Each structure stands twice: as structure tokens, then as C-alpha cells.
Amino acid sequence: MKILLIEDDPETAAHIVYALKGAGHDITVCHDGLEGLEAARAGGHAALIVDRMLPRLDGLTLVRRLRDEANNIPALFLTTMSGLDDRVEGLQAGGDDYLVKPFAFPELLARVHAITRRGNTPSAEPVRLCAGDLEMDLIRRTVHRAGKAIDLQAQEFRLLEYLMRNMGRVVTRAMLLENVWDLHFDPRTNIVETHMSRLRGKVDRGHGDELIHTVRGSGYILRAE
Amino acid sequence: MRNRFFRTEGFRLSALFAGVFALSFVILGGFVLVITNQALRDQIVAFSATDIAAIRDGYAHEGEYEAREVINQLMAAPASSGFYLLQRNGKVLDGNLPAMASRAGTLDVTAAGHKILGTGAFLASDLYVFSGSDTTRLQAVQAHLLKVMLGLFAAALLLAVACGALVSRSFLRRTDAMATACRDIMNGNLKLRIPVRGTGDELDRLAEAINDMLSRIAALMENLSQVSNDIAHDLRTPVTHLRHRLERAQADSKSVEEHRAALEAAIAKADEILGLFAALLRIAQIEGGARRAAFAALDLGALLTQMRDLFEPVAEEAGHTLELTNPETLTVRGDRQLLVQLLSNLIENAIVHTPQGTHIRLSLARDHDRAVVRVSDDGPGVPREEHERLFRRLYRREASRSQPGYGLGLALAAAVAELHGADISIVGDAKPGLVVQISFPLPSNHPENA
């Protein structure tokens, strides 16, 4: 997949290029905001990774301009740590996700995959999600595995829903914390692992093939063979 | 210097007052001149009217001869400055004036080189008499008066300017002293203060306000440099650990697996250090108070229920129990994301720092106009003398040095609580465990809190 990276720090840019090339992607790098805006306008990229702070045109303005021009290329913001409001500002400007520097490679890859998938989703919201013999009814809030009802608590339901919506793609701990529980900090206890293990107990236990898998060093993936 | 002097507020004020004073002096002087002129003229007219009355009296009793006699007597009187005329049909009978047009009443006449003011009257239809005085004296009095007033005016004006100069000089001297002090402080002499005279005047009050401000800034700066010292000192520890780990890996690792494990451990350590930086920055940001703009009404009961749902499985897995008692609906104003982090930190502390089998309890209760949240456990607790220190940045108890974390959880909780106007404290009634209490102010106007 062709990805446009707009990042002025050469070391960070080289780091990201290395990670994405390793995952088989094709990267174009721009070093300032105006150059990046032109490249994004020219099209041909599946996703945009843009730093918040850029010379000549900052990342927020860049994405806002693209959105004003009805350019809906999936955009992932990068930012240095701290900013409590940065995330909200980034999403308000039209960004699809947000990643704090420094980050682990798997985190970057998972988020790039997630936003490109989001970009391809048809606008109509699905009422049912399916993965193999697992079915989720989003209206009735029920889950069935091989025709048998599974009783899930509200947060277990949200967790499974997020996994199913990202079926076939790795989701990281941070993505789960943010999207399932709206937690935007790194907890000291193993919240994700604990809830995931409960969910797996309900969804996968007693069934021959497991749907939820742990991806070592990255996160989790829901996969139907 | 001269230029600066004329630009002072003191000089400007005294110049204004001198101007107002000069204007009022001119108005007053003009008024005095007009009044004295009128009074002197009235006096002259009154004198001449008395003369005319005497002459008329003589004529009435003994005829024309007696009238002439009276006139001659009046003219002969010592220090007489009078002018008299008695004429019949335009022909002078007696007096020291040439013939003139016969008109009755108060008259201004110019005759024989004199400006004369007086009264004319008819003794009979063909007999006309005039009595008057020279007005040159009147003008001399006026001129003298004017001269005296001009002298006074000049003296007063000079005095006003001198006073203005004095006032602005003393004002300038004091403001110069203040400016000099400010500049010295700016150049690094932070202990210096603006001089105060102790008279309690407006400049003193200004100086005191500036001094209070300087003291506050100095206290904040001291605090800041203390904190940055602490941070620099405390950050060295984990970075040193990281270095040790890498050094050991370089020396000891023999297989690829060992290298990989050492690198993973080093990355984890680096992540911890970055997390520490992020937490410190976050605390600084919260203390800056910028988040207050994002406050919204939020139900503490619902929030605690969510926290219970989130951490109950985690606590259970760690061999603890977590329960929530009587979650009332109490609405406060706050930032949800920050309050979630505050409560998470407290609950995670209780999970991480207590032995298996510990009961952790969340509770929410109303105490008058406060909503009181408590996170309690029945673990080993913390000695009372350490309670204050627990909320300090980077403070770690000896007993917990082996646990993950850098002692920022409670410091962040304290920063969040302060941002919300809430009091956070450790209360000691759960012997022997630990009870952290956060007491939020309840907005009085919220309907659900009524």
C-alpha cells in the first residue's frame, strides 16, 4: 500500500520508513507542510501519516485543508508526548487516529491498517457482524456462536464488537484502551489482558477453533479461518 | 533629563493647575476692576449731587447771587478738585468751566483738558448749573490696582510652577528608584525589593503590590527549580539502570536469545522512562489549569460504577476483591478523562501495593455540600508520618521500590483533585488499611443535587 509520510525530523522519518517498508508498504516522504499538502493533493496514496509540528504549514492545518477540499484520505497524526487536548484537536481537524511519539512499530502498523480499513468502509452502519460461526446483532445487542447464545457484559460486548469490526487486523492494547474504555493513559495493571481473557473464556472456550488470537509483542487479532 | 522632567505626571498636573489658577485670576481681576470703577464713579456722582443740592438751596433762599456765592465757596475750599459752572442761556455766569450744552443728570464732560464726571441741573428754566470732578484720579487708582494684581499674579504663577517642579521632582525621584529597582531585579538580583517609604500613599501602595507580586514569583520559581532539581535527580536513576542493563547484556549475553531478551528488557525500561516523562508533563499541564475549560457536568456515581466494572476483573485476577457501595447520583463539574485517571491511579495503587486477599472498597457519599469519594483497602496501610509525602512527585516508599511505577500516581491524583477544587487526603479510619478520600464541591445550582 502507498503511504505518504509528512515528517520534518529525518531520524523519525527514517524510523517510520524502515518500519513500513519492512511491512511491505511503499512510502513517500515530505519534509515540510506545504510540500506534503501538494503531494497529498496529487493523490495516489492510501494513507497519510502527518506530524503535528511541521515547518511552513502545521499538520492540523494541512489535514483541515484537505478535508475542506473534500479529500478524505485516511490520516494518522503523530505528536510528541504530553498533550491532553492534542488528540481531540487532531480528531476535530479531520484526522482518523492519533499516535504519540515515541511508539512501537507494531502500534504504528496496526493503526495505519485500522485507518485504511475505516476509509474503505461503506457509509451505511452494519446491523450485524459475522466472523465464522460467531454472529453479533448490533440492534438486539446479542451474540451467538454456532447458534448458541453467549451472555456478555456491556464492556465485553464493546470489546468483542471492536475486535469484530477490525476482523483480520491486529489491534493493540492502546487501541483497545482508547476505543473500548476511552482510557488515554497507560494503566499499571493488566486491564486489557484480564478482560480479554474473560471474553475468550466466553467466546472461544468449548469451541474447536479459536477466533481471538494473541499476536506476541503487538496485541490481538480476531480471525475466522 | 529636561525633556523627561516636563513629561512627568507631576509636572503635567501642576501645569494644569497653574493654568486654571491663571484663568480664575484673570476673571477675578477683571471683576474687581469693573466693580471699583463703578464704586468710584458712584462716589464722584454722589459728591457732585451734594454740591448741586447746596447750590440749589442757596438759589432757592436768596436767588442767583447766593448761588454764585456757594459756588465760589466750594471752589475756594481747601483741596477742592471740583469743577463748577453756572450759565444762563449758554453764557457763563460763574465757575471754572467754559460754557457747555445744558443737560440735566449724570454727565461725562471733556473740558479744559480734563475728563470730568458730574451732575447737571436747571435752577430755573434758563439757569443751568454743573458740578463735577476730574476722573484722572480714578484711572490712576485703576492703574495702580492693575499693577498690584499683575504682581500678585506673577508671584502666584511662579509659586505654582515651583511647586509643580518640586512635586514632579520628588515623584520622578521615587518612580526612578522603582524603575531602577525593577531593572536590578530583572538583571538577576531577585532578592531586591522596591523601596517603600511607609507613608501609605499611592506610590507606596503600588510598590507594595509589586513587592507582593515579586515575592509570589520568587516562591513559584523556587518551587519550580526545586521540582526540576528533583526531576533531574530522579530521572538519572532509571536511565542509569537502563545503561547497566545494556552494559550487562553486552558483556554477558552469549546466544541470540539472550541478546533478544536483554534488548526487550532495555526497550521496556526505555518505555518506562518515557512514561515517566509523559506523566511529569501531564502533571505540569494539569497544574497549569488549562483543562478547566473542558469541564462538564458528570455523575460521580455512574463514573464509579464504570470504574468498578473496569477494575473488578483485574482485582479479582490479582487475588483481591473490589466492591462499590451505595453509588448515589451526585453531579459535579469536571473533566471525565482526568477523573478516570485519578480514580484509576488510586484503584491501581490499592491493587498493586497490597497483598493477596485484600478487600478494596469504592464508596460515594454526600456530606453537606461535598461529594465524598473514598478508595479504601484493608491492606497494611501507610504510617501516618508518610501521608503528606505520598502526594509528592517521585516519592516512593521503601516498601514499594520493587513495584513498577515512579511515584507519580498520587501526585497526578493530587493535581487533578486540585484542578477540580477537590480536597484529596488520606484518612486513617480503616485500621490498618489505607483510605484515600477525595471531597468534591457540589455545584449548588444543579437540580440532581437538590
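One structure accompanies this document, and this report is about it. Because the structure is a prediction, the values reported are computed rather than measured.

## As for the sheet that holds strand E7 (residues 134–137) of chain A
All names here are of chain A. The strand order E6-E7-E8-E9 describes an open sheet built from 4 strands, whose pairing is antiparallel. Since the sheet does not close on itself, it has two edges, and those belong to strand E6 (128–131) and strand E9 (148–150), each with one partner. Pairs of neighbouring strands in the sheet enclose a mean axial angle of 25°, with direction left out of account. As defined by bridge partners, strand E8 (residues 142–145) adjoins E9 across 3 bridges and the pair is classed as antiparallel. If you follow arginine 145 over to E9, its bridge partner there is lysine 148.

## Some words on the packing of helix H6 (residues 154–165) of chain A against helix H7 (residues 173–180) of chain A
Residues and elements named next belong to chain A. Packing of H6 against H7 leaves a shortest axis separation of 10 Å and a crossing angle of 125°. One finds that H6 runs oblique with respect to H7. With respect to the hand of their crossing, H6 and H7 are arranged in right-handed fashion. Two secondary-structure elements touch here, H6 through Gln155, Arg158, Leu159 and Tyr162 and H7 through Leu176, Asn179 and Val180. Class assignment for the residues of the contact of H6 with H7 results in 4 nonpolar, 2 polar and 1 charged.

## Remarks on the interface of chain A and chain B
Contacts between the two partners involve 18 residues from chain A and, on the opposite side, 22 residues from chain B. For the side of chain A that touches chain B, the element with the highest residue contribution is helix H8 (residues 191–203) of chain A, accounting for 4 residues. A breakdown of the residues in the side of chain A that touches chain B according to their chemical character gives 8 nonpolar, 7 polar and 3 charged.

## Description of the environment of threonine 172 of chain A
Residues and elements named next belong to chain A. Within the secondary structure, threonine 172 is located in strand E10 (residues 171–172). Given 23 C-beta atoms within a 10 Å radius, threonine 172 is considered buried. Note: C-alpha distance between threonine 172 and alanine 110 (62 residues apart in sequence) is 6.8 Å. In this structure, threonine 172 is in contact with Pro106, Glu107, Ala110, Ser218 and Gly219, ignoring residues within four places of it in sequence.

## Examining the nonpolar core
Counting residues in each nonpolar core, the largest one holds 104 residues, and the members touching the most others are Ile49, Val50 and Leu160 of chain A together with Ile347, Ala413 and Val416 of chain B. The contact partners of alanine 413 of chain B, leaving out residues within four places of it in the chain, are Leu342, Asn345, Leu346 and Ile424 of chain B.

## Some points on unusual backbone geometry
All names here are of chain A. Residue arginine 56 is not a glycine yet carries a positive backbone phi of 75°. Along the chain, arginine 56 turns up in the loop between strand E3 (47–51) and helix H3 (59–68). Arginine 56 sits in the partly exposed class, given 13 other C-beta atoms within 10 Å. Here alanine 146, not a glycine, exhibits a phi torsion of approximately 50°, which is positive. With respect to the helices, strands and loops of the structure, alanine 146 is situated in the loop between E8 and E9.

## Structural notes on the sheet that holds strand E5 (residues 127–134) of chain B
Note: strands within a sheet are paired through backbone hydrogen bonds, in either parallel or antiparallel orientation. All names here are of chain B. Taken in spatial order, the 5 strands line up as E2-E1-E5-E4-E3 in an open sheet, and their pairing is antiparallel. Two strands close off the open sheet at either side, each with one partner strand: strand E2 (91–95) and strand E3 (105–111). Strand-to-strand twist across the sheet, computed as the mean angle between neighbouring axes with direction ignored, equals 30°.

## Overview of the pairing of strand E9 (residues 359–367) of chain B
Looking along a regular strand, one sees the side chains alternate between the two faces of the sheet. All names here are of chain B. As judged from the 5 bridges shared by strand E7 (residues 321–325) and E9, these two strands associate in the parallel manner. Its bridge partner being in E9, leucine 324 is matched across the sheet by leucine 362. Count of turn residues in the E9/strand E10 (residues 370–377) antiparallel hairpin: 2 residues, of which histidine 368 carries a positive phi of about 55°.

Cut-off values and rules
- Residues numbered from 1 in each chain as written.
- Chains lettered and ligands numbered in written order.
- Predicted model: local features only at pLDDT ≥ 70, side-chain atom pairs only at ≥ 80, totals over all residues.
- Pairing = 2+ DSSP bridges.
- Helix = DSSP H or I, 4+ residues; strand = E, 2+ residues; numbered from the N terminus.
- Axes fitted to C-alpha atoms, helices over the stretch in contact; angles between N-to-C directions.
- Parallel < 35°, antiparallel > 145°, perpendicular 65-115°, else oblique.
- Left-handed = near helix turned anticlockwise from the far one by under 90°.
- Contact = placed C-beta atoms within 7 Å.
- Nonpolar A, V, L, I, M, F, W, Y, C, P; charged D, E, K, R; others polar.
- Buried ≥ 20, exposed ≤ 12 C-beta atoms within 10 Å, placed from the backbone.
- Core = buried A, V, L, I, M, F, W, Y, C linked by C-beta atoms within 7 Å.

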